[in-house]
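Coordinate inspection notes
The chain contents come next:
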Protein chains: 2
Amino acid sequence: MKVLAIDPGYGRCGVAVVEKENGKENLLYSACIETHAKTDFPERLGMIVRKCEQIVKTYEPNSMALERLYFTSNHKTAMKVAEVRGALIAVAAKFDIGIFEYTPSQVKSAVAGWGNADKNQIAKMLHSLMKIKRSIKYDDEYDAIAIGVTHLACSQNSENS
Amino acid sequence: MKVLAIDPGYGRCGVAVVEKENGKENLLYSACIETHAKTDFPERLGMIVRKCEQIVKTYEPNSMALERLYFTSNHKTAMKVAEVRGALIAVAAKFDIGIFEYTPSQVKSAVAGWGNADKNQIAKMLHSLMKIKRSIKYDDEYDAIAIGVTHLACSQNSENS
């Protein structure tokens, strides 16, 4: 089972490919796709989509997991992030990959055991759970890995039930 | 100058290809892409994207014009429509087509002369402006045609300025 997990954003978009083999989570790939604020939004969206399509072709994940945000204080930002999410959902549809969505509190619960865990606790848990070779600069990348781990945990639960 | 104009939606998505030749607007194509409420959202999004990519390949428009909605009463619907918009913006980015966005009141002003024109007035104006051969069932299709006409009017203005 291999999942492409994404923390959608247009300035920074965290991506990770996580798999579970013999009950152990492995991180196959992670990155933070950064786009420049001065670049037009459609171009930024195009860069993110192209990168994610490349990852899908390279790693052939079985599913895509995305963070779902219900409410944010900034309506305009929320709409733009939704636009990124839509472009990514279309990538999943194109490659016939199932889409799964998790809220931030679902991710925190699955990774750290409780829904209010902070960024540092999440990062620590991820490091104890799997080998993370490269040094990670932005939380967005940790968030993507955490979303992937959440998906693997939830899929396992549904398989066992 | 040829524009693919879209009134984004996931239940009904109005699409139109409008061009201006010798100062006259022509409707080259219009349709309402309908997807079923029982179909999964990613699949619905995929259907809309595939159809729009087909239209781009067939008509080779120079630009894409989308309706932009700032606020709606239903947050969940607004986010889903934003997701459709994002998937369409990614199509434009993929084919290197410029994206232009117009608010409903910009469209109404451009087509009917004032920002509070109703649906019937818009439809009447469109029929007087161009030959619309097929009978149009849904407003979404008229809306797409109106967005296309708005784009042609605005582009002309910016070219003359």
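Note that the structure is predicted; figures quoted are calculated from it, not measured.

Digging into the relation of the copies chain A and chain B
It takes a turn of 180° to lay chain A on chain B, together with a shift of 0.0 Å along the axis; the resulting RMSD is 0.0 Å. The transformation just described matches what one would write down for a two-fold rotation axis. The rotation axis passes nearest to the C-alpha of Ala87(A) in chain A, at a distance of 1.9 Å.

With respect to the pairing of strand β1 (residues 2-7) of chain A
All names here are of chain A. Burial analysis of β1 places five of its six residues in the buried class, which makes it a mostly covered element. Where β1 meets strand β2 (residues 12-21), six bridges bridge the pair, whose relative direction is antiparallel. Looking at β2, one finds that Ala-5 is bridged to Ala-16. Hairpin connection, β1 to β2: the antiparallel pair is bridged by four residues. Examined bridge by bridge, β1 and strand β4 (residues 63-67) share four bridges and lie parallel to one another. Of the residues in β4, the one forming a bridge with Leu-4 is Met-64.

A look at the UniProt feature "binding site: Mg(2+) 2" (unreviewed entry) in chain A
All names here are of chain A. The UniProt feature table records "binding site: Mg(2+) 2" (unreviewed entry) at Glu-67. Relative to the helices and strands, Glu-67 resides in strand β4. Residue classification places Glu-67 among the buried positions, given that 24 C-beta atoms sit within 10 Å. Apart from the residues within four sequence positions on either side, Glu-67 is in contact with Asp-7, Pro-8, Tyr-102, Pro-104, Val-107, Asp-143 and Ile-147.

Remarks on the nonpolar core
Membership of the largest hydrophobic core comes to 90 residues, with the highest contact counts inside it found for Ala5(A), Ile6(A), Ala87(A), Ala5(B), Ile6(B), Ala87(B) and Leu88(B). Those residues in contact with Ala5(B) that sit more than four places away from it in its chain are Ala16(B), Val18(B), Ala65(B), Ala144(B), Ile145(B), Ile147(B), Gly148(B) and His151(B).

Notes on the UniProt feature "active site" (unreviewed entry) in chain A
Residue and element names in this part refer to chain A. Under the UniProt annotation, "active site" (unreviewed entry) lies at Asp-7, Glu-67 and Asp-140. These annotated residues cover 134 residues of sequence, and their C-alpha atoms lie no more than 10.8 Å from one another, placing them together at a single site. Here Asp-7 lies in strand β1. In contact with Asp-7, not counting residues within four places along its chain, are Cys-13, Gly-14, Glu-67, Asp-140, Asp-143, Ala-144 and Ile-147.

Some words on the packing of helix α2 (residues 75-94) of chain A against helix α2 (residues 75-94) of chain B
Running from amino to carboxyl end, α2(A) crosses α2(B) at an angle of 60°, the nearest separation of the two axes being 6 Å. Taken together, the axes of α2(A) and α2(B) lie oblique to each other. In the crossing of α2(A) with α2(B), the sense of the turn from one axis to the other is right-handed. Counted together, Met79(A), Ala82(A), Glu83(A), Val84(A), Arg85(A), Gly86(A), Ala87(A), Ile89(A) and Ala90(A) of α2(A) and Met79(B), Ala82(B), Glu83(B), Val84(B), Arg85(B), Gly86(B), Ala87(B), Ile89(B) and Ala90(B) of α2(B) form the full contact between these two elements. Along the lines of polarity and charge, the residues of the contact of α2(A) with α2(B) split into twelve nonpolar, two polar and four charged.

Examining the interface of chain A and chain B
Listed by partner, the interface residues are 18 residues for chain A and 18 residues for chain B. Breaking the side of chain A that touches chain B down by element, the ones donating at least two residues are α1 (41-59) and α2 of chain A. It is α2(A) that provides the largest number of residues to the side of chain A that touches chain B, a total of twelve residues. For the side of chain A that touches chain B, a count of residues per class yields twelve nonpolar, two polar and four charged.

Rules used in this analysis
- Residues numbered from 1 in each chain as written.
- Chains lettered and ligands numbered in written order.
- Predicted model: local features only at pLDDT ≥ 70, side-chain atom pairs only at ≥ 80, totals over all residues.
- Least-squares fit on C-alpha atoms with pLDDT ≥ 70 in both.
- Buried ≥ 20, exposed ≤ 12 C-beta atoms within 10 Å, placed from the backbone.
- Helix = DSSP H or I, 4+ residues; strand = E, 2+ residues; numbered from the N terminus.
- Pairing = 2+ DSSP bridges.
- UniProt positions renumbered as here; feature names shortened; annotations may be inferred.
- Contact = placed C-beta atoms within 7 Å.
- Core = buried A, V, L, I, M, F, W, Y, C linked by C-beta atoms within 7 Å.
- Axes fitted to C-alpha atoms, helices over the stretch in contact; angles between N-to-C directions.
- Parallel < 35°, antiparallel > 145°, perpendicular 65-115°, else oblique.
- Left-handed = near helix turned anticlockwise from the far one by under 90°.
- Nonpolar A, V, L, I, M, F, W, Y, C, P; charged D, E, K, R; others polar.

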